[in-house]
Amino acid sequence: MAAKSIAQEYLKGLWDENPVFRQLLGLCPTLAVTNAVINGIAMGLATSFVLIISSVVVASIKKLIPSQVRIASYIVIIATFVTVADRFLAAYFFQISKSLGPYIPLIVVNCIILGRQEAFSSKNSVGRSFVDALGMSTGFVLALLVLSGIREILGMGTFLGYQVMGAWFKPWIIMILPAGAFITLGILIAVALLIEQKTKSRS
Amino acid sequence: MELLALFISAILVNNFVLYYFLGICPFLGVSKKIDSALSMGLAVTFVMTITAVVSWMINHWILIPYKLDYLQIVSFILVIASLVQLVEMFIRKASPALYQALGIYLPLITTNCAIMGLALLAALKNFSFLKTVTFGIGSGLGFTLAIVLMASIREQLDLSDVPKPLKGAGIALIVAGIMALAFQGFSGMIK
């Protein structure tokens, strides 16, 4: 772990340890909010905000937290910043906050965030934790972007609300229904695994 | 009548797993064997029912009268965490057999977003007390139904020839997608 450079610490979140495709964490919000790209981006940014700040806070006070109550302490820290994010969205981006509904408060039980605190921030310096959280966030936002992009283009023929498919295109309604979320993510995870196997067998 | 409609829609139409995407982690993680899936489902139903009662009381007796509803997230998660802990201690004393059966699944429930989702959804929809409890039981049973169905399909999948990259999570998610599609058929039941 200590041998890793800062750049590697950041890059591992993008692919090798991508929270969604490789670690299968945080699947609930990933599936729920990716029916449109704008929702995916909002969710990704809100989660990133909470993850980065919580990681920095946990890393800086890790010596003060007795290990018996560490999980409860992490949850309180996370819940505080989720409240901040929730209130902020409700005040400035009411429409997005409404369409995301209970999924913003539910960031508090997103396993990616608690998982990073337990696995990384509680053992590493503030700087490294910040970079690690940044990498994980980027990986999460990228995963949401890919999934919501596919679903919005195939499900409505649009990307971020702009028409991208020609008039000949008949939207696949299934893609914006829950079923489309499950099937798309299943295929994407398989593709990620396939790429990993191919690159491994080559080296 | 309204309660019955809510109950049925919580089980079939607005199924927590297949419609709200809540509780995906245990749904994928504990659905390899039918009997452990059933235990997990029952444990979740149990905790959900109690959470529904307690979170309603906290919301309507403490948070709303004192205008503290911005503390909802923090207070709900703390209540759920301590509730799971209490339930675990109580079951261990009261029924060791049940404790053996639920065993490791109980602590896992704390981070199950279905429980937190239930408390938040009930608060968001401003349900009355009876409705909240009905919603809690119905959602728990809906979760149980989904996870047991999933486990029985996966037991069959073990015997079939799945392409290598799809093995595990990939095929499980695609199966869940087809299940969600089947459950979509129930949506006409409740207007």
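Calculation rules
Residues numbered from 1 in each chain as written. Chains lettered and ligands numbered in written order. Predicted model: local features only at pLDDT ≥ 70, side-chain atom pairs only at ≥ 80, totals over all residues. Heavy atoms only, no water. Helix = DSSP H or I, 4+ residues; strand = E, 2+ residues; numbered from the N terminus. Rg over C-alpha atoms; globule rule 2.2 N^0.38 Å. Buried < 20%, exposed > 50% of the residue type's maximum accessible area, 1.4 Å probe, protein only. pLDDT = per-residue confidence, 0-100. Phe/Tyr/Trp six-rings, centres within 6.5 Å; stacked < 30°, edge-to-face > 60°. Axes fitted to C-alpha atoms, helices over the stretch in contact; angles between N-to-C directions. Parallel < 35°, antiparallel > 145°, perpendicular 65-115°, else oblique. Left-handed = near helix turned anticlockwise from the far one by under 90°. Contact = heavy atoms within 4.5 Å. Nonpolar A, V, L, I, M, F, W, Y, C, P; charged D, E, K, R; others polar. Buried area = accessible area lost by both parts, 1.4 Å probe. Salt bridge = Lys/Arg side-chain N within 4 Å of Asp/Glu carboxyl O. Polar contact = N/O pair within 3.5 Å; in protein donor to acceptor, adjacent residues only side chain to side chain.

**Some words on the overall build of chain B**
Right, on to step 1. Within chain B, the regular secondary structure consists of nine helices and zero strands.
Right, on to step 2. The order of α-helices and β-strands along chain B, N terminus first, is α-α-α-α-α-α-α-α-α.
Right, on to step 3. Against the globule reference of 16 Å for 191 residues, chain B gives a C-alpha radius of gyration of 17 Å, in line with a compact fold.
Right, on to step 4. Projected onto its principal axes, the C-alpha positions of chain B cover 60 × 45 × 30 Å.
Right, on to step 5. Split into buried and exposed, the 191 residues of chain B put 54% on the buried side.

**Notes on the confidence of the model for chain A**
Right, on to step 1. Here chain A averages 88 in pLDDT, while 98% of its residues score no lower than 70.
Right, on to step 2. Mean pLDDT per element in chain A: strand β2 (residues 162-163) of chain A is the minimum at 84, and helix α3 (residues 37-60) of chain A is the maximum at 94.

**Section: the packing of aromatic side chains**
The description of two aromatic rings rests on the distance between their centres and on the angle between their planes.
Residue and element names in this part refer to chain B.
Right, on to step 1. Tallied over the full model, the rule gives 11 aromatic pairs over all chains.
Right, on to step 2. Centre to centre, the rings of Tyr 19 and Tyr 20 are 5.1 Å apart; their planes meet at 80°, and the pair counts as edge-to-face.
Right, on to step 3. Given a relative accessible area of 38%, Tyr 19 falls into the partly exposed group.
Right, on to step 4. With a relative accessible area of 10%, Tyr 20 lands in the buried category.
Right, on to step 5. Between Trp 56 and Phe 129, the ring centres sit 5.0 Å apart and the planes meet at 65°, which makes this aromatic pair edge-to-face. You can see Trp 56 sitting in helix α3 (residues 34-63) and its partner Phe 129 sitting in helix α8 (residues 129-157), a full 73 residues away along the chain.
Right, on to step 6. Overall, the relative accessible area of 16% leaves Trp 56 in the buried class.
Right, on to step 7. Clustering of aromatic rings is evident, with ring pairs tying together Phe 16, Tyr 19, Tyr 20, Phe 127 and Phe 135.

**Description of the packing of helix α6 (residues 111-121) of chain A against helix α7 (residues 126-156) of chain A**
All names here are of chain A.
Right, on to step 1. Orientation of α6 relative to α7, taken along the N-to-C sense of each, is 150°, at an axis distance of 11 Å. By the angle class used here, α6 and α7 are roughly antiparallel. Crossing handedness for the pair α6 and α7: right-handed. Residues Ile 112, Arg 116, Phe 120 and Ser 121 of α6 lie in contact with α7, whose contacting residues are Arg 128, Ser 129, Asp 132, Met 136 and Phe 140.
Right, on to step 2. Within the contact of α6 with α7, the residues separate by chemical class into four nonpolar, two polar and three charged.

**Brief notes about the interface of chain A and chain B**
When the parts of a complex come together, some accessible area is lost, and that lost area is often taken as the interface size.
Right, on to step 1. Counting residues at the interface gives 36 residues for chain A and 35 residues for chain B.
Right, on to step 2. Summed over both partners, the interface of chain A with chain B buries about 3000 Å², with 85% contributed by carbon and sulfur atoms.
Right, on to step 3. By the criterion of area lost to chain B, the three top residues of chain A are A:Cys28, A:Val109 and A:Phe182, representing 21% of everything that side buries.
Right, on to step 4. Where chain A packs against chain B, one counts zero salt bridges.
Right, on to step 5. Seen at the junction of chain A and chain B, the total is one residue pair in polar contact (both at pLDDT 80 or more).
Right, on to step 6. Of all elements in the fold, only α2 (27-32), α4 (70-92), α6 and α9 (178-202) of chain A reach the threshold of two or more residues within the side of chain A that touches chain B.

**Structural notes on the pattern of salt bridges**
Residue and element names in this part refer to chain A.
Right, on to step 1. Counted by the stated rule, this structure contains nine salt bridges over all chains.
Right, on to step 2. Its salt-bridge partner being Lys 12, residue Glu 9 comes within 2.8 Å of it at the nearest N-O pair. Just as Glu 9 is buried, Lys 12 falls in that class too.
Right, on to step 3. Glu 196 is the salt-bridge partner of Lys 200, the closest N and O atoms lying 3.5 Å from each other. Of this pair, Lys 200 and Glu 196 are both found in helix α9, four residues apart, which corresponds to roughly one turn of the helix.
Right, on to step 4. Taking the relative accessible area as the measure of exposure, Lys 200 reaches 57% and is therefore exposed.

**Some remarks on the environment of B:Leu157**
Right, on to step 1. With respect to the element layout, B:Leu157 can be found in helix α8.
Right, on to step 2. In this structure, B:Leu157 is in contact with B:Val162, B:Ile171 and B:Val175, ignoring residues within four places of it in sequence.

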